[in-house]
Structures are given as structure tokens and as C-alpha cells.
Amino acid sequence: MKRLLLSLLLLSHLPLAAADRPNFLWITSEDNGPQLGCYGDAYAVTPHLDALAGKSLRYTHASSNAPVCAPARTTVISGLYPPSTGAEHMRSMTRLPERFRMFPHFLKEAGYYTTNNSKEDYNLEKNPDPWDESSNKAHWKNRAEGQPFFAVFNFTISHESQIRNEIADRDRIHDPAQVRIPAYHPDTPEVRKDWAQYYDRITMMDQQCGKALAELEAAGLADDTIIFYWGDHGSGMPRSKRWPYRTGIHVPLIVHFPEKWRSLAPDGYAPGGTSDRLVGFVDLAPTMLSLAGIEPPDWMQGSAFAGPHRTEAPSYSYAFRGRMDERIDMTRQVMDHRYVYLRQYHPHRAYGQRLDYMFQTPTTRVWHAKFLAGELNEAQSHFWKAKPAEELYDLQADPDEVNNLAGSSEHREVLERMRQAHRDWVIQVRDVGFLPEAEIHSRAGDGAPYDYGHGDGYDLETIFEAAQLATAPPAGDLAAVAKLLDHTDSAVRYWGATGLLGQGQAGVVAGGDRLRRALDDPSGSVAIVAAETLGRFGEAADLPKVLDVLIARANQATGDVYEAIAACNALDYLDEKVRPRLDDIRQLPEKPGKKAARVDGYVGRLLPDLIGEVEKP
């Protein structure tokens, strides 16, 4: 009855005092997994978060759904999986359908004062702005007297960049000799130093969390406020951040319900308790609405795990990987309580593609150097090699996820089950990530990719099957992959070209004539992949036209910025073969000719690498 009354009052927009409904405080931190004392990490020094966990509920299977900040935060703010909204790619920009809203908007509409201090990093336009204030001055103190609040404080001290930055001697409290090195990293002084400094930054972050909690307590608001603490994805160390292994998406999530609002807590809530429910960032939006007594809209894809509108626990959680800064990739992930399954849709690319920002971390550089020198074991070398199409890991036996069980006969039933869960999810959310990025935008036009994906014009089932065939073709059946290039749908042709690229020389043998025709494909995305395939594995006579196509598509002043990113990647993989046109490549513009929010710097990152590698003696 109390929950029903709260819902009716909120939905009627009647003015209520703050004491009549809960305040919400979110404390978030960047680039850190559950490396906290309260999660059983004896190396961590995190007294404030440990104390919070001691009086709260700690989730042991929380997922960020994406292993990097912008897509993860886009998931949070929308309650939608970014592969369904066209927003999966790092620092892209698209829009929601006009009828949808970012979730704080619903709280704001119900009378809450909504503040964000201060990171947004959304891949979606704010229409309308869901925040009363979003800046480094935003604070719950600025609300009207008696007004309930939803306030976010985001701490950046644990960010990837802080692992490699200078740190004061007083903050160096973790001994590198005592750090645990995961099985996939080499044990070197540089790696130990980076891991130790990561833990130092976690301790500094914990201190900031403690100050935010103390401020709430000093204001006399602790008894009226539901508190959430979470990290925005796995650690900033390479192979955690950016990759949807569990190490990249497993995050701490601690939720505190004061006694006054204990009725809104999940079943079985107990101070200092744990929950093994599979929860993800996609669930935060509907959960917050539920806690405020607002029924989540049916278009949200997450499930409320608290409040009057909470739902049954799901059987699986899902994660994804798209373009990471300037490098193109695509992965989908399914996880239950024990196993994690990854489906790689660009298996021809190494995990560790050269990404400028990631290579600024000393661990990345020394790790790569040791691989090139042949000094790594199999588990440590895996990251620098091409990927298998499928991966399956037993998290109980193999928490570092280095023993791929996808080919294990003993795990065949598990593989089939997880594979089917992946397929079901793709169809359910209408995953538009099976389109090349340029076509996500061109097909949606002035509308929302979500609407395009849910419309009759998107033949997802056919495109999905093409992607399956192309990236994991039955032995010897490359003719079927080549035939995809004859299809009327450009996305099917894109997967046909991608499949042949993944087969190297054999792909050109199976589909050479079709690839040559595809150089003139009306879809630039298809032409670019065909050009890379012929440029790397075709005949010498193919190279002049290949370079013509790629250089033309790489010109973002006259063409599409997303095609330009793809074309520059392709040119980079041609290595020395671009030398005859190096002067033309030097003339390519580093900025697009028209507005390209959030992606206008990536070609500028690719061109120096591309040119520099060829110019080396």
C-alpha cells in the first residue's frame, strides 16, 4: 500500500516535501573494476567504500554492458542497449526517437532536482536536457528548499590516464612486488608499476567517495537518501578496458537503503549482504524510475531490480564492443553466473590493434615489444593475434579468461546455449550494429537508428545470417561467402567482403572477380573492405585502383567521416603497398568538411601512424 501511494503521488506531480520521497545520490568512478577490499581484494585499500558496503547491498555480478566509458554511459542514461540505438561506437553521436527520453528527465518531470557533476560522454543527443545542472559546480545543495534530488558525482582519479601520470610519493602505498599479475600480462617492472599505481589511484578515489558520503551525513540527509556507488567499467589496464571479457565489464555496484526507504529495497536486502543477481547498466534507468514510484516505459530494455516495479532476475547479461576510437571492431558477449561467451565479428583483426591512446600506457608498450621479440607464452601472446570467431570461458576455473573452451566437446551444450542466447538477444533488441557504421547514419537519415532498426526496411535476420556465415564459414565453403557480394542489401555485401578479407589469399581466389566489381559498389563501406582485401592479397595489377578507391574514400572533406575512418584503417593495413601514393595520403585532410560531432579527430590520429610506419627506413 505504501508503494502504491508513493507511485500515485509521484505520477500525479503533486508537490511533495523531500521527506516524502527518497533522495538519490550516485557516486561513480572511472575505469575501475571491483578491485576493492569489500570485494575480497586483500591488496586494495578502500576503507570508505568497504564501510559503505558494510551497511549496504553489494552486487557480485554487475556489468557495465560496455567495456569503455561513452557506450557504457550511453547505456546508463537511456536504459537501452547502444547496439539498438546506433550508439555503440566510441564517441559517436546519434539520436533517440523523439518519443524517448533520457531517464533523469522523468525524475525532473516528477519534481526532482537533477544534477550531474560532471561527466556526460553520451553518444546520444540530449533532447531535451535531462539535467537541471550538469557541470563541475552541480550539487544537490543548489536545489529549492524541500525539493528531492537526484545527484551524480563522478570521480576521475582512477581513469586510465592516471595510471601513467605522475603520482605524489605520499600516495604511493602499494608495493609493486606484491601485486597480482593476471595470466595474460607479462611479469615486468613496468607492468607491476602500472598495476600498483592503478591500486594507488583506487585508494585516492575511495577517499573522494568518503568525502561525498561525509558531506551528505553532515547535511542531515543520510536517512532520506538512497545511495548508489558504481565504477563505469573494468580497469584502465590494457585488455580490461575496451574488451568485453568479464575483466572489462565486471564492475562494483553497492546500493544503500536507509531504514526509512527499506521497503523499496530488493527482496532479501540486508546491511552488509550480497546479491548474485545479474544486473547491468541497462537496468539502472528502470530501477531509478521504479524507486521514484514511476513505472518504467515499455521501450526500456533493462529490468528494474528494486522499487515497486522490480522484475524477475534475468538468466543472462549482455555486453558489446564496437569501434574503439580510431580502430574498427565488433564483438557481442553473453554471460551467466559461470560462463562468458564472446562472438567476434572481425576475427581477422588482432585484439590489440594499435590504438594511440592505449599505447600511451607503459604496460601496453612493453607487452607489445615482448610479443614482437617472441618472449611471451601462449596466454600472453593471445592479445596480439587474430581472434577466433567464438570464445567461451569458465569463470570459476579460469577467472583470467585465457583458456578458450569453444572447441571443447565437454562444453558443447554450454556453447550452444550461449550461442542461442546471443542470437535471441540480437533479434530482440534489433541490433543495428550489424550495419557498417556509415550506414547506421545514412540509413537512419534525419531519424533515429532505433526507429530504422525496428522498421520493416531493416532485414536484420538476413544480415545476421550473412555475418555468421562470413565470419565463421563452414570448412571449404568460401563460394557461399563470395556469393553474398551479389546480394541487393549492401550490409549483406559488406559481410561478404569482410568474410573474404578474413580468409586472406583464399578469399581472393574464391571471390576475386566479385571483389573487383565491388570496388565500384555504391556503398563505400563495401568498396573499402573489397579494396583492402585486393590490396593485401590480390594481384599487383589490382593495386592502382585499390589505392584510388581508398584515398578517395579517406578524404573526409568531400566524403563521409565514418567511411574515411574505415578507409584509413584499410590503408594502414596495406603497409608498404601505399608508398606509391604517400604524397596523396599526406594531403588528406585531418578534419571533416562538415560537422561530425565527437568523431572529427580520429582520421587525424590514423594518418600519422599510417605515414610514419611507411616512412620508417
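1. What about the overall build of the chain?
- Summing up its helical and strand segments, the chain has 23 helices and 14 strands in all.
- On C-alpha atoms alone, the chain measures out to a radius of gyration of 25 Å, which is about the 25 Å that the 2.2 N^0.38 rule sets for 617 residues.
- In terms of overall dimensions, the chain has C-alpha extents of about 75 × 55 × 50 Å along its principal axes.
- The 617 residues of the chain split such that 62% are buried.
- Intrachain contacts of the chain at a sequence separation of at least 6 include 73% that bridge at least 24 residues.
- For the chain, the computed accessible surface area is about 23100 Å², with 49% contributed by carbon and sulfur atoms.
- Within the chain, the 85 negative side-chain charges are centred at a point lying 1 Å from the centre of the 68 positive side-chain charges.

2. Things to note about the nonpolar core
- Ranked by internal contacts, the top residues of the largest apolar core, which has 107 residues, are Leu392, Phe434, Trp495, Leu550, Leu571 and Ile585.
- Sort the elements by how many residues they give to this core and helix α21 (residues 561-573) lands first, with nine residues.
- In this structure Leu550 touches Ile528, Ala531, Ala567, Ala570, Leu571 and Leu574, once residues within four positions along its chain are discounted.
- Core analysis: the second largest hydrophobic core is formed by 50 residues, Phe100, Met102, Leu284 and Leu291 among them.

3. Observations regarding unusual backbone geometry
- In this structure, the amide linkage connecting Asn117 to the following residue, Ser118, adopts the cis form with an omega of 0 degrees.
- With respect to the helices and strands, the residue Ser118 is situated in the loop between β4 (113-117) and β5 (133-134).
- Of note, the amide linkage connecting Asn127 to Pro128 takes the cis form, showing an omega dihedral of 0 degrees.
- Here Pro128 is to be found in the loop between β4 and β5.
- You will see that Arg239, though not glycine, has its phi angle at about 85 degrees, which is positive.
- Mapped onto the elements of the fold, Arg239 is located in the loop between β7 (225-231) and α8 (246-249).
- Given a relative accessible area of 3%, Arg239 falls into the buried group.
- A positive phi angle, close to 55 degrees, is found at Asp575, a residue other than glycine.
- Following the sequence through the fold, Asp575 ends up in the loop between α21 and α22 (582-586).

4. With respect to the pattern of salt bridges
- One pass over the structure, following the stated rule, counts 55 salt bridges.
- A salt bridge links Arg605 to Glu326; its shortest N-O distance comes to 3.6 Å. Placement of Arg605 in helix α23 (residues 602-615) and of Glu326 in the loop between β11 (317-321) and β12 (331-335) is noted, with a sequence separation of 279 residues between them.
- With a relative accessible area of 31%, Arg605 lands in the partly exposed category.
- For Glu326, a relative accessible area of 0% translates into the label buried.
- One salt bridge in this structure joins Lys591 and Asp600, with 4.0 Å as the shortest N-O distance.
- What emerges from the salt-bridge pattern is a single network uniting Glu30, Arg73, Arg91, Lys119, Asp121, Asp232 and Arg598.

5. Comments concerning the sheet that holds strand β13 (residues 339-344)
- With antiparallel pairing, the four strands of this open sheet are ordered in space as β11-β12-β13-β14. If you trace the sheet from one side to the other, it starts and ends with β11 and β14 (390-394), each paired once. Averaged over all pairs of adjacent strands, the angle between strand axes in this sheet comes to 15 degrees, irrespective of strand direction.
- Relative to β14, β13 runs antiparallel, the two sharing five bridges. Looking across to β14, one finds that Tyr341 is bridged to Leu392.
- Where helix α12 (residues 412-429) meets the sheet, it contacts β11, β12, β13 and β14, and its direction lies at approximately 60 degrees from that of β13.

6. Some remarks on the confidence of the model for the chain
- When the pLDDT values of the chain are averaged, the result is 96; 97% of them are 70 or greater.
- Across residues 1-16, confidence stays below pLDDT 50; counting only partners more than four residues off in sequence or on other chains, it has 30 contacts.

7. Comments concerning the packing of aromatic side chains
- This model, assessed by the stated rule, comprises 33 aromatic pairs.
- Ring centres of Phe24 and Tyr112 lie 5.4 Å apart, and the angle between their planes is 20 degrees; this geometry places the pair in the stacked category. Here Phe24, found in strand β1 (residues 23-29), pairs with Tyr112, found in the loop between α5 (103-109) and β4; they are 88 residues apart in sequence, far enough to count as distant. Tyr112 matches Phe24 in its accessibility class, with the two residues each being buried.
- Seen from their ring centres, Trp26 and Phe150 are 5.0 Å apart, and the 90 degrees between their planes marks the pair as edge-to-face. With a gap of 124 residues between them, Trp26 in strand β1 and Phe150 in strand β6 (residues 149-155) connect regions that are remote in the sequence.

Calculation criteria
- Residues numbered from 1 in each chain as written.
- Predicted model: local features only at pLDDT ≥ 70, side-chain atom pairs only at ≥ 80, totals over all residues.
- Heavy atoms only, no water.
- Helix = DSSP H or I, 4+ residues; strand = E, 2+ residues; numbered from the N terminus.
- Rg over C-alpha atoms; globule rule 2.2 N^0.38 Å.
- Buried < 20%, exposed > 50% of the residue type's maximum accessible area, 1.4 Å probe, protein only.
- Contact = heavy atoms within 4.5 Å.
- Areas by Shrake-Rupley, 256 points an atom, 1.4 Å probe, with all protein chains shown as cover.
- Lys, Arg positive; Asp, Glu negative; His and termini not counted.
- Charge placed at Lys NZ, Arg CZ, Asp CG, Glu CD.
- Core = buried A, V, L, I, M, F, W, Y, C linked by side-chain atoms within 4.5 Å.
- Salt bridge = Lys/Arg side-chain N within 4 Å of Asp/Glu carboxyl O.
- Pairing = 2+ DSSP bridges.
- Axes fitted to C-alpha atoms, helices over the stretch in contact; angles between N-to-C directions.
- pLDDT = per-residue confidence, 0-100.
- Phe/Tyr/Trp six-rings, centres within 6.5 Å; stacked < 30°, edge-to-face > 60°.

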